[in-house]
Amino acid sequence: MTTWREHLAFAPLATFDRGEEVGRRLRHAIELGVLEDGTQLPSESELAARMGVSTLTLRAALAELRGRGLLETRRGMGGGSFVMANTGSIIKAERESLMAYSLEELRDIRDYWALLAGSAAATAAERSERLSLGRLASMAVVIESSADPASATRADSRFHIELAASSGSVRLTREEMAMQAEVGPLIWAVPAGHGSAAAEHAAIVEAIRSGDGIRARTLAEEHVRSDMNRVLDLRMSVDASPEEYPPDPGREEREVASIESFAGLLADAASSSIRSVEHAVRVQLGSRGQGDSSDLDAIYDASRRTLEGAVPLLYGAGFLPESSFGPAGAAWCHAPTGPHSLQRLVIDWDLYEGGTATWRPDDYGDRAVHISHAYLDANGSNENIVTFSKAAFVGEQMVGIVAADVLVGGIQDQIESHLRALPPNTCLVDQNDVVIATNTGRFMGGIYSPAKYAGKQIALQAMPWKLFVGTPTAGRARRTTAPHTQPGL
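Residues numbered from 1 in each chain as written. Predicted model: local features only at pLDDT ≥ 70, side-chain atom pairs only at ≥ 80, totals over all residues. Heavy atoms only, no water.

Observations regarding the pairing of strand β4 (residues 331–334)
And step 1. On β4, burial covers both faces: Ala331 and Cys333 on one face and Trp332 and His334 on the other are all buried.
And step 2. As paired elements, strand β3 (residues 316–321) and β4 share four bridges and run antiparallel to each other. Residue pairing across strands places glycine 316 opposite histidine 334, the latter belonging to β4.
And step 3. As paired strands, β4 and strand β5 (residues 343–344) are joined by two bridges and run antiparallel to one another. In the strand pairing of β5, cysteine 333 is matched with arginine 344. (Buried < 20%, exposed > 50% of the residue type's maximum accessible area, 1.4 Å probe, protein only. Helix = DSSP H or I, 4+ residues; strand = E, 2+ residues; numbered from the N terminus. Pairing = 2+ DSSP bridges.)

Considering the sheet that holds strand β10 (residues 427–429)
And step 1. Strand order in this open sheet of four strands is β11-β10-β13-β12, and the pairing throughout is antiparallel. In the strand order of this sheet, the two ends are held by β11 (435–438) and β12 (455–459), each with one partner. Strand-to-strand twist across the sheet, computed as the mean angle between neighbouring axes with direction ignored, equals 20°. (Axes fitted to C-alpha atoms, helices over the stretch in contact; angles between N-to-C directions.)

Let's talk about the environment of glutamate 253
And step 1. If you trace the backbone, glutamate 253 turns up in helix α12 (residues 251–285).
And step 2. Assessed through its relative accessible area of 64%, glutamate 253 is described here as exposed.
And step 3. Separated by 169 residues in sequence, glutamate 253 and leucine 422 place their C-alpha atoms 9.4 Å apart.

Structural notes on the packing of aromatic side chains
And step 1. This structure, assessed with the given rule, holds two aromatic pairs.
And step 2. In this structure an aromatic cluster arises from ring pairing among Phe443, Tyr448 and Phe468.
And step 3. The side chain of arginine 367 reaches across the aromatic face of phenylalanine 393, ending 3.8 Å from its centre. (Phe/Tyr/Trp six-rings, centres within 6.5 Å; stacked < 30°, edge-to-face > 60°. Lys NZ or Arg CZ within 6 Å of the ring centre and 35° of its normal.)

Description of the packing of helix α3 (residues 44–51) against helix α4 (residues 55–67)
And step 1. Look at α3 against α4: their axes get within 9 Å of each other, and the N-to-C directions meet at 105°. As the angle between them shows, α3 and α4 are arranged roughly perpendicular. For the pair α3 and α4, the contacting residues are Glu44, Leu47 and Ala48 in the first and Thr55, Leu58, Arg59 and Leu62 in the second.
And step 2. When its residues are assigned to classes, the contact of α3 with α4 shows four nonpolar, one polar and two charged. (Parallel < 35°, antiparallel > 145°, perpendicular 65-115°, else oblique. Contact = heavy atoms within 4.5 Å. Nonpolar A, V, L, I, M, F, W, Y, C, P; charged D, E, K, R; others polar.)

Points about the pattern of salt bridges
And step 1. Overall, the coordinates contain 18 salt bridges when judged by the stated rule.
And step 2. Where arginine 344 meets aspartate 297, a salt bridge forms, and the shortest distance between an N and an O atom there is 2.8 Å. Of this pair, arginine 344 sits in strand β5 while aspartate 297 sits in helix α13 (residues 293–308); the two residues are 47 residues apart in sequence, bridging distant segments of the chain.
And step 3. With a relative accessible area of 29%, arginine 344 lands in the partly exposed category.
And step 4. A residue is classified by how much of its surface remains accessible, and aspartate 297, at 37% relative accessible area, is partly exposed.
And step 5. Connected through shared salt-bridge partners, Glu104, Arg107, Arg110, Asp111 and Arg225 make up one network. (Salt bridge = Lys/Arg side-chain N within 4 Å of Asp/Glu carboxyl O.)

Comments concerning the environment of glutamate 21
And step 1. Along the polypeptide, glutamate 21 turns up in helix α2 (residues 18–32).
And step 2. Separated by 40 residues in sequence, glutamate 21 and alanine 61 place their C-alpha atoms 8.8 Å apart.

Quick look at the structure:
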């Protein structure tokens, strides 16, 4: 009979990039403690069949795990591949796993995991009168007696899986199991000890026992966010330069100036791209004021050319026509994986409503370049972006919108070294006070409230953004501890 451990570790892979995924699945299972020290894996042929991969692909993954010190192969009678879950190898593998994630990916994981945990806790509270909470309560405090990070990881993950199971939803529990396989090792890669995890677990259980769904959801979400904020802080600190001693009194001014210069460069790149595409629209349409698919193909070529030299500052650029073009689509080029990946973006117009899109202002009559706030471009690029846009006119007729997209995660990447040199709690925010770049994990993807946080406010000239330079705390090392999580952050 297949155990839940084997189901989690050896279930068939659903992704297309199976060569990379099979090694990651097994590595996470070892890091999480699902595959414990000394466990013998099934034979290569059996394991390849169970995971739905070729034997050649599996062997490559096992070789990588042996190179990481997580597996050993024994020859002769009783031989095979055996798990070596020693603490040193696991910690090393956990750090390597962390570096494979971007800050944007970690932020997204945090928000999705908080949604899962909060929903599970709230649903369990609604069912509290019909639940036996003894097992969940006992698992909540096991983490206190964990002797090392590996056992703490297992205790924490088992609590969250049991919490999901208490909701009564099979689908939600499966999602939580998959989430734990991915994030469990990351949480305990942070050198902050067990902290207050047991007390936070116990508080969640007590809220469920009392049937208080709102409090149970809030506590579960805050617990998860606090854990992932520590991971975000660690990820940001990995490449940080050592503290200067003695401190350089002019460094803050220089770093702020660099961020202001970046904003100007970004605005110039977007405006230049928009002008180039707008020119192509006018040349292609002449005085006609309407076009067809061949016109859009020519405008797309111009969009691609202008984007070639603008990546990574820009993510996409092009032309979105009005109805005069009929169902021909759009002339939009984007770079999903960098400057060598330029390609045409195909938009599903049954799902995407350009006339009411988040980036579109109420009035283009001023014929100026408008800059949106940060938003998730659902059914378009499916990325968190900022859009520069301008109406394109032929004579007095508006024929469509020319625009350029900037990745929010790209902004963080471009100015991260400058942010790290500034005091903790420094944030770059858009016109809606949404944090688009920061040097502190708890602020990522949140709303910055100037009334709550002390910091010097600097308005950027080139963009409708503000830079809040945080106040120094008692040592930069605080970034790797669990900060107090503000609601909504």
